[in-house]
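So you can see what is in the structure, the chains are spelled out below.
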Amino acid sequence: MNLPTDFILYTKTLMGDDLFVQLTEGLSSKDSSVSIRLNPFKCPEGTKVTMEDGRVPWSEYGYYLTHRPNFTFDPLLHAGAYYVQEASSMFIEHVIRQILNHHIPHPLSVLDLCAAPGGKSIAARTALPDDCILYSNEPIRSRTQILWENMQKMGHPQVVVTNNYARDFQQARMSFDIIIADVPCSGEGMFRKDPNAISEWSVKNVEKCWRLQREIVADIWPCLKSNGIMVYSTCTFNAHENEENVAWIANELGADFISIDIQEDWNIMGSLIDNHPVYRFIPGKTRGEGLFMAILKKKETENAGTCRGGSAYPPANNPYPQKGKSRANTLIRPYNPIGSASQMKKGIPPHSKALSITDDNKDYPHIDIDYTQAINYLRKEAIILHSDTPKGIVLLTYQGIPIGFAKNIGNRANNLYPQEWKIKSTHIPEYETILELARPHPNGGHQED
């Protein structure tokens, strides 16, 4: 791996020779870990990961896999039974559980500020009590569609997907008990997975990023309630975007650091420049990609959380801040593509209703289909159901988990799967079982296939 010279010089000085060697060996390794998180809202107790290669220790539902299967052709992925997530990012689940246990009463409202594609939102939602509401936000419009898709697949009703900038939440006078700020960064932690991250790296871009990160945090800070918690994270290694930025938040905006309990054998590093409690995941030392995380508790202030005022940091010269008219009046509305509204007008239930873990879909006949039928359905091809299938709208399930609606007209069924979600490949690889779902036993408990 040909790392940039400036990156090598700076990072070696920051980490020291021994840790830098571990990092470069980790980045050069071709054996990048593959990991998934089960969706506890859909997977029955006793579900097994057939290609498990160990548990992700800081996640209740995380598993390493022996290899990367072709996830595209697993209907259970499309049904939301699990989510493919990098192991280090699952640490947010562990953090949220400790925050709830020791620092904040609930019910509460939570904002994931820069959420796409949705992994941290999904992990946070599984750790939050059901009476809490999660706003999963993505400021970049083009990235909001994949976030909306993944939140629907998770199926939890207490999630609102929004498409706004940090300053919009101020103007809407919204306030939150917890804000997850996984801010845009220079992406050094992606060097192993994404070769473009290396070619795009520069000292100038690092400076641009740390300025942008301060601006984003300053814009959202008035919306964090007094004594509220901010979880700040990046997927980069340098201290400018990490230790220096969280120290700036504490000193300039007013916050105290919160320590999170971790196990020594997790091999999570601490701060590289000071004594503040922070959490560094470094390839070659931890089993995963690069991640930095710090947890800050906003100091008690008068009128905190009323979202008054403007940015506390001069705007950076970057494309992130919103230009022109504010979209604050759209904040409390969920993000929905135009097609979703069209479905309702035609009397067709929205796909989100099929994937919901609530009882919204209980009134539709549930028709379990086999693997070939499921793949055909996910390709949005015509499917033929059993002759005794009721006519009208039916809910198709795969191994008992809903994957979407169809309209059975007798000799065939109209495919109602979202056009933009369909599998485009015509190739079908040899099927690999990723999950073995436990099924309810007639006499109680569970039985396995």
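Rules used in this analysis
- Residues numbered from 1 in each chain as written.
- Predicted model: local features only at pLDDT ≥ 70, side-chain atom pairs only at ≥ 80, totals over all residues.
- Heavy atoms only, no water.
- pLDDT = per-residue confidence, 0-100.
- Contact = heavy atoms within 4.5 Å.
- Helix = DSSP H or I, 4+ residues; strand = E, 2+ residues; numbered from the N terminus.
- Pairing = 2+ DSSP bridges.
- Axes fitted to C-alpha atoms, helices over the stretch in contact; angles between N-to-C directions.
- Core = buried A, V, L, I, M, F, W, Y, C linked by side-chain atoms within 4.5 Å.
- Buried < 20%, exposed > 50% of the residue type's maximum accessible area, 1.4 Å probe, protein only.
- Expected span 1.5 Å × (residues − 1).
- Parallel < 35°, antiparallel > 145°, perpendicular 65-115°, else oblique.
- Left-handed = near helix turned anticlockwise from the far one by under 90°.
- Nonpolar A, V, L, I, M, F, W, Y, C, P; charged D, E, K, R; others polar.
- Phe/Tyr/Trp six-rings, centres within 6.5 Å; stacked < 30°, edge-to-face > 60°.
- Lys NZ or Arg CZ within 6 Å of the ring centre and 35° of its normal.
- Arc of directions from axis to C-beta.

### Description of the confidence of the model for the chain
The predicted model of the chain averages 88 in pLDDT, with 87% of residues at 70 or higher. A low-confidence stretch, residues 304-333 stays under pLDDT 50, and its non-local contacts, those more than four residues away or across chains, total 79 contacts.

### A few points about unusual backbone geometry
Cis rather than trans, the peptide bond between A116 and P117 has omega equal to 5 degrees. Note that P117 resides in the loop between strand 6 (109-112) and helix 5 (119-127). The phi dihedral of N267 falls on the positive side, at around 60 degrees, and the residue is not glycine. Tracing the chain through its elements places N267 in the loop between strand 11 (255-257) and strand 12 (279-281). For Q399, which is not glycine, the phi dihedral falls at a positive 50 degrees.

### Brief notes about the sheet that holds strand 3 (residues 52-55)
Taken in spatial order, the 4 strands line up as 3-4-1-5 in an open sheet, and their pairing is antiparallel. What marks the edges here is a single partner per strand, and that holds for strand 3 and strand 5 (82-84). Each adjacent strand pair in this sheet contributes to an overall mean axis angle of 30 degrees, direction not counted.

### Structural notes on the nonpolar core
Counting 81 residues, the largest nonpolar core has I36, W58, Y82, F91, I295, L396 and L435 as the members making the most contacts within it. The greatest single-element share of this core, amounting to 6 residues, is contributed by helix 4 (residues 91-102). In contact with Y82, not counting residues within four places along its chain, are I36, R37, L38, N39, F71, D74, L76, L77, I434 and L435. L113, Y135, V217 and L253 belong to the second largest nonpolar core, which has 33 residues in total.

### Examining helix 9 (residues 203-220)
The end-to-end C-alpha distance of helix 9, which contains 18 residues, comes to 26 Å, matching closely the 26 Å that a straight helix rising 1.5 Å per residue would cover. When helix 9 is considered as a whole, its buried residues turn out to be V206, C209, W210, L212, Q213, R214, E215, I216, V217, A218, D219 and I220. Contacts made by the buried residues of helix 9 are with strand 6, helix 7 (166-171), strand 9 (176-182), strand 10 (224-234) and helix 10 (243-254).

### Brief notes about the packing of helix 1 (residues 5-15) against helix 2 (residues 17-28)
Two elements in contact, helix 1 and helix 2, have axes separated by 7 Å at closest approach and are oriented at 130 degrees. By the angle between their directions, the pair helix 1 and helix 2 is classed as oblique. For the crossing formed where helix 1 meets helix 2, the hand is right-handed. Contact residues: F7, I8, T11, K12 and M15 in helix 1; D17, L19, F20 and L23 in helix 2. Taken together, the residues that form the contact of helix 1 with helix 2 break down as 6 nonpolar, 1 polar and 2 charged.

### Notes on the packing of aromatic side chains
Scanning all chains against the criterion turns up 15 aromatic pairs. Ring centres of F7 and F191 lie 5.1 Å apart, and the angle between their planes is 70 degrees; this geometry places the pair in the edge-to-face category. With F7 in helix 1 and F191 in the loop between strand 9 and helix 8 (195-199), this pair connects stretches of sequence that are 184 residues apart. Grouping residues by exposure puts F7 and F191 together as buried. For the cation-ring pair, R287 lies above Y64, with the distance from its terminal atom to the ring centre recorded as 3.9 Å.

### Notes on helix 1
Taken as a whole, helix 1 has its buried residues at F7, T11, L14 and M15. Taken down its axis, helix 1 places every buried residue within 80 degrees of arc, on the same side. Summarising the geometry of helix 1, the exposed residues directed more than 90 degrees from the buried face are T5, L9 and T13. Considering only its buried residues, helix 1 is in contact with helix 2 and strand 12. Looking one or two residues beyond helix 1, the residue adopting positive phi is G16, at roughly 90 degrees.

### Quick word on the packing of helix 5 against helix 6 (residues 141-154)
Two elements in contact, helix 5 and helix 6, have axes separated by 10 Å at closest approach and are oriented at 30 degrees. Between helix 5 and helix 6, the angle is such that the two are roughly parallel. Handedness of the helix 5/helix 6 crossing: right-handed. In this structure, helix 5 uses S121, I122 and R125 to contact helix 6, whose residues at the interface are N150, M151 and M154. The class makeup of the residues in the contact of helix 5 with helix 6 is 3 nonpolar, 2 polar and 1 charged.

### What to know about the pairing of strand 15 (residues 392-398)
Most of strand 15 sits out of view: 7 of its 7 residues are buried. Here 3 bridges tie strand 14 (residues 366-368) to strand 15, and the two strands are oriented parallel to one another. By the bridge assignment for strand 15, H366 is matched with L395. Inspection of the sheet shows strand 15 paired to strand 16 (residues 401-408) by 7 bridges, in the antiparallel sense. Following the sheet pairing, G392 is matched in strand 16 by N408. Hairpin connection, strand 15 to strand 16: the antiparallel pair is bridged by 2 residues, and Q399 has positive phi, about 50 degrees.

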